[in-house]
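Coordinate inspection notes
One-letter residues, chain by chain:
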Amino acid sequence: PPRSTLFPYTTLFRSQIDDHFGLEEAALAATGHPKFDEHSEIHRNLSTQLRASRDEYHRGERMIGDLVRFVTYDVVSMHIISEGKTAELCGESAH
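Reference entry: report on the structure contained in this document. (Residues numbered from 1 in each chain as written. Predicted model: local features only at pLDDT ≥ 70, side-chain atom pairs only at ≥ 80, totals over all residues. Heavy atoms only, no water.)

**Focus: the overall build of the protein**
Put simply, the rule is: A helix here means a DSSP run of H or I that spans at least four residues, while a strand means a run of E at least two residues long, and both kinds are numbered starting from the N terminus. Buried, partly exposed and exposed residues are distinguished by accessible area as a fraction of the type maximum, computed with a 1.4 Å probe on protein chains only: under 20%, between the cut-offs, and over 50%, respectively. Throughout, a contact is declared for two residues whenever any of their heavy atoms are within 4.5 Å. Here the accessible surface of atoms and residues is derived via Shrake-Rupley with a 1.4 Å probe, and residues count as covered only by protein chains that are part of the display.
A count of helical and extended segments in the protein gives 4 helices and 0 strands. The helix and strand sequence of the protein, counted from the amino end, reads α-α-α-α. Counting the 95 residues in the protein, one finds 25% classified as buried. Taking the intrachain contacts of the protein between residues at least 6 apart in sequence as the baseline, contacts between residues at least 24 apart amount to 68%. For the protein, the exposed area adds up to about 5900 Å²; of that, 58% sits on carbon and sulfur atoms.

See the structure below:
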C-alpha cells in the first residue's frame, strides 16, 4: 500500500507506545523508584528514535520492515519485555 495509507497506523503505534511509557513512568514516580530519571530518559530516547524512524519511512528513506523491526525488537522485546517490567521495577512480584 502507499506510504500515506499507513501513516495513521504508524502514528497510532507511536501514540500507544508513548501512552505505555507514560503509564509506566507514573507507576515508577508513585513508588519513588530510584531509577525513575534513568528509565524516563530511556523512554525519551526510544520515543525519539521511533518518531525519527516513522518520519524516515514516510519520506521513503526506510522500508516498513525497518519500522516494524524497531518497534518489535527495540521497544517491545528489548525494553518493555526485557527491562521495562513495571511490576519488577516497582519491587512487586510479577506472578
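**Here we look at the side chain of Thr-10**
How we decide: Polar contact is defined as a pair of N or O atoms within 3.5 Å, subject to the rule that within protein one atom must be able to donate a hydrogen and the other to accept it, and that residues adjacent in sequence are counted only when both atoms are side-chain atoms.
Structurally, Thr-10 is set in helix H1 (residues 3-30). For Thr-10, the side chain forms a polar contact with the main-chain oxygen of Phe-7, separated by 2.9 Å. Those residues in contact with Thr-10 that lie beyond four places of it in its chain are Arg-54, His-58, Ile-64 and Leu-67.

**Some details on the nonpolar core**
We count it as follows: Residues belong to one nonpolar core when they are buried, are Ala, Val, Leu, Ile, Met, Phe, Trp, Tyr or Cys, and are joined through side-chain atoms within 4.5 Å.
Ranked by size, the top nonpolar core spans 8 residues in total: Ile-17, Phe-21, Leu-46, Leu-50, Leu-67, Phe-70, Val-71 and Val-75. Counting residues per element, the ones that place at least two in this core are H1, helix H2 (36-58) and helix H3 (64-83). Looking at which element gives the most residues to this core, the answer is H3, with 4 residues. What Leu-46 contacts, discounting residues up to four positions off in sequence, is Phe-21, Phe-70, Asp-74, Val-75 and His-79.

**Quick look at the pattern of salt bridges**
This is how the line gets drawn: Salt bridges are defined as contacts in which a side-chain nitrogen from Lys or Arg sits within 4 Å of a carboxyl oxygen from Asp or Glu.
Taken as a whole, this structure holds 6 salt bridges when the rule is applied. Between Arg-44 and Glu-41 there is a salt bridge; the shortest N-O distance is 2.7 Å. Separated by 3 residues within a single helix, Arg-44 and Glu-41 lie in helix H2, roughly one turn from each other. Under the relative-accessibility criterion, Glu-41 is labelled partly exposed at 36%. With a shortest N-O distance of 2.9 Å, Arg-54 and Asp-55 are connected by a salt bridge. Taking relative accessible area as the criterion, Arg-54 reaches 8% and is therefore assigned buried.

**Re a nonpolar patch on the surface**
Using the following cut-off: Surface patches are drawn from residues lacking salt bridges whose relative accessible area is over 30%; two like charges belong together within 9 Å, two nonpolar side chains (Val, Leu, Ile, Met, Phe, Trp, Tyr) within 5 Å.
On the surface, Phe-13, Ile-64 and Val-68 cluster together into a nonpolar patch covering about 210 Å² of accessible area. For Ile-64, a relative accessible area of 33% translates into the label partly exposed.

**A look at the side chain of Ser-53**
By the element assignment, Ser-53 lies in helix H2. Dropping the residues within four chain positions of it, Ser-53 is found in contact with Arg-62, Leu-67 and Phe-70.

**Things to note about H1**
Note the following rule: To estimate how far a helix should extend, the number of its residues minus one is multiplied by 1.5 Å.
Helix length check: H1 (28 residues) gives 40 Å between terminal C-alpha atoms against 40 Å at 1.5 Å per residue, within 8%. Positioned one or two residues after H1, Gly-32 has a phi angle of 65°, which is positive.

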